[in-house]
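Chain by chain, the residues:
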Amino acid sequence: MRMYYPRRSFIKQIGAALGYLGLSQRIGFGQTNDEIVYSKVENTPTVISTWKHGLAANESAWKLLAKNANALDAVEKGVNVSENDPKVMSVGYGGLPDEEGYVTLDACIMDKNGNAGAVAFLQGYKNAVSVARKVMENTRHIMLVGEGAAAFAQKMGFPKQNLFTEKAKDKWLLWKESQDTKSKQLQIHDTIGMLTLDSGGDLAGACTTSGLAWKMHGRVGDSPIIGAGLYVDNSVGGAASTGVGEECIKVCGSFLVVEMMRRGAEPVEACFEAVRRIYRRHKKIPDFQVAFIALNRKGRVGAASLIKGFSYAVMRAGINRLIEAEYLVK
Ligand code: SD4
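Please read all numbers here as calculations on a predicted model, not as lab measurements.

Once that is clear, we can look at the overall build of the chain. The number of helices and strands found in the chain is 11 helices and 12 strands. Sequence-distant contacts in the chain: of pairs separated by 6 or more residues, those separated by 24 or more amount to 66%. Just so you have it, the chain exposes about 13600 Å², and 52% of that area is on carbon and sulfur atoms.

Next up, the structure:
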């Protein structure tokens, strides 16, 4: 097993060169245009999100950021795209269910003032992050769960609907036949976490998911937990996570990333420290994934994952790009 530390690769330089020519724009080229993505330009509106479906979510957030909208509106509208898309089977409508066949959603959101809202074990309302925002703005609490969260969503006027699509049902029935929990855990971790920086230099973040597929009924992961699935401190930066939530919760992952940045770490270094903490708790090669994205208040971005296979999307200056994250254990 080899521990991997971030470094610039030749291929990335090629990606950067193509970026200059505009060849890698909007197609998820997969490499970093260092000048745009890692530029030192300060206060450039920026959006970063997890996984390939983050590209579409970024576009929606970007539309708002480009019009000088605030980071909070952008982040909410951004992740709503994944929540509404039945093809994204790990978030919102069309999300894979728990082992008993219930689609239960977890989400949270944070604004520039450190305010936070969250819902967990929410059923019947696809835009969990928007319900979380209402919790933040319309109640004196931070988190509502289960029936209470659903009753609140109804009161706030969100439409109730069945989130369990036929496609998700087919997959669930297949799993029930095989009961192959282990390999499925490895494959299914496509929560969307998103961080935004607006033209006023303010940050916001959101995280929304249907959680690990085939989880126990009642299980809640890291995604709605402030400090685990998401953390934003406007004076420092923000971080969000994806992967096996239990591992992230145990190290207060997103909080850790932000605190590392507070002490001067670059976003990518801060993300590596969080995955390193997780790695150290396990004496063997990890058979699960955890990954983090980070955005600091200057607009610098970074990400890291425990094992290979995590990608994240960054949009800035109208250019949207999917990037393979560096990973810790080869
Ligand atoms: C969870 N972190 O519930 C989430 C899983 C995930 O796509 O990333 N799902 O633990």
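Still more to cover.
Attention now moves to the sheet that holds strand 8 (residues 237–243). Sheet architecture is open: 4 strands sit in the order 7-8-9-10, paired in antiparallel fashion. At either margin of the open sheet sits one strand with a lone partner, and together these are strand 7 (230–233) and strand 10 (301–305). Each adjacent strand pair in this sheet contributes to an overall mean axis angle of 10°, direction not counted. In terms of strand pairing, strand 7 meets strand 8 through 4 bridges, oriented antiparallel. Directly across from Tyr231, in strand 8, lies its bridge partner Ala239. Along the sheet face, helix 10 (residues 253–262) touches strand 7, strand 8 and strand 9 (290–296) and points at about 145° away from the line of strand 8.

Where burial is concerned, most of strand 2 (residues 105–110) is hidden: 6 out of the 6 residues are buried. Burial along strand 2 is two-sided: the face carrying Leu105, Ala107 and Ile109 and the face carrying Asp106, Cys108 and Met110 are both buried. Sheet topology note: the strand 2/strand 3 (residues 116–122) ladder contains 5 bridges and is antiparallel. Its bridge partner lying in strand 3, Leu105 is registered against Leu122. Following strand 2, the chain reverses through 5 residues before pairing antiparallel with strand 3; Gly114 in that reversal takes a positive phi of roughly 80°. Bridge count for strand 2 against strand 6 (residues 203–209) is 5 bridges, and the pairing is antiparallel. Bridging from a neighbouring strand, Asp106 pairs with Thr209 of strand 6.

What follows deals with the packing of helix 10 against helix 11 (residues 267–280). At a closest axis distance of 8 Å, the pairing of helix 10 and helix 11 adopts a crossing angle of 140°. When the axis of helix 10 is compared with that of helix 11, the two are oblique. Remark: the crossing between helix 10 and helix 11 carries right-handed chirality. Contacts from Gly253, Leu256, Val257, Met260 and Met261 in helix 10 reach Pro267, Ala270, Cys271, Glu273, Ala274 and Arg277 in helix 11. Taken together, the residues that form the contact of helix 10 with helix 11 break down as 8 nonpolar, 1 polar and 2 charged.

What follows is about the site of the ligand. Lining the immediate surroundings of the ligand are 14 residues, of which Asp190, Thr191, Arg219, Asp222 and Gly243 lie closest. In this structure, Thr191 approaches the ligand through a main-chain N or O atom, which is 2.6 Å from an oxygen atom. One nitrogen or oxygen atom from the side chain of Asp222 is found 2.6 Å from a nitrogen atom belonging to the ligand. Bound to the protein, the ligand loses 100% of the 290 Å² it would expose on its own. Of the residues in the shell around the ligand, the class split is 1 nonpolar, 10 polar and 3 charged.

Enumeration according to the criterion identifies 5 aromatic pairs in this entry. Ring plane angle 65° and centroid distance 5.9 Å describe the contact between Phe164 and Trp172, whose orientation is recorded as edge-to-face. When its relative accessible area of 14% is taken as the criterion, Phe164 is described as buried. Given a relative accessible area of 12%, Trp172 falls into the buried group. Relative to Tyr312, the ring of Phe310 lies with its centre 6.2 Å away and its plane at 20°, an arrangement referred to as stacked. Accessibility expressed as a relative area gives 0% for Phe310, which makes it buried. The exposure class of Tyr312 is buried, given its relative accessible area of 2%.

Quick notes on the rules
Numbering of residues begins from 1 in every chain and follows the order in which that chain's sequence is written. Two thresholds apply to this predicted model, a pLDDT of at least 70 for residue-level local features and 80 or more for giving and counting side-chain atom pairs, whereas whole-chain, interface and lining totals are computed over all residues. Only heavy atoms go into the side-chain values, all of them from the structure, while hydrogens and water stay out. The helix and strand labels rest on DSSP assignments: H or I over at least four residues marks a helix, E over at least two residues marks a strand, and numbering proceeds from the N terminus. Should any heavy atoms of two residues lie within 4.5 Å, those residues are counted as being in contact. Only the protein chains shown count as cover for residues, with accessible areas throughout obtained via the Shrake-Rupley method and a probe of 1.4 Å. Whether two strands pair comes down to DSSP finding at least two bridges between them. Helix axes use the C-alpha atoms of the stretch in contact, all axes being lines fitted to C-alpha atoms, and the angles between their N-to-C directions lie in the range 0 to 180 degrees. Burial status follows relative accessibility: with a 1.4 Å probe on protein chains alone, a residue under 20% of its type maximum counts as buried, one over 50% as exposed, and anything between as partly exposed. An angle below 35 degrees is read as roughly parallel, one above 145 as roughly antiparallel, one from 65 to 115 as roughly perpendicular, and any other as oblique. The handedness criterion is simple: a crossing whose near helix is rotated anticlockwise from the far helix by less than a right angle is left-handed, and one whose near helix is rotated clockwise is right-handed. Following the grouping adopted for this structure description, the nonpolar residues are Ala, Val, Leu, Ile, Met, Phe, Trp, Tyr, Cys and Pro, the charged ones are Asp, Glu, Lys and Arg, and the polar ones are all others, Gly among them. Note on terminology: near, applied to a residue and a molecule or strand, indicates that one of the residue's heavy atoms is within 4 Å of it. For this analysis, a polar contact is any N or O atom pair within 3.5 Å, provided that within protein one partner can donate a hydrogen and the other can accept it, and provided that sequence-adjacent residues contribute only side-chain to side-chain pairs. Here a Phe, Tyr or Trp ring, Trp counted by its six-membered ring, pairs with any other such ring whose centre lies within 6.5 Å, and the pair is stacked when the planes are under 30 degrees apart, edge-to-face when over 60, and tilted otherwise.

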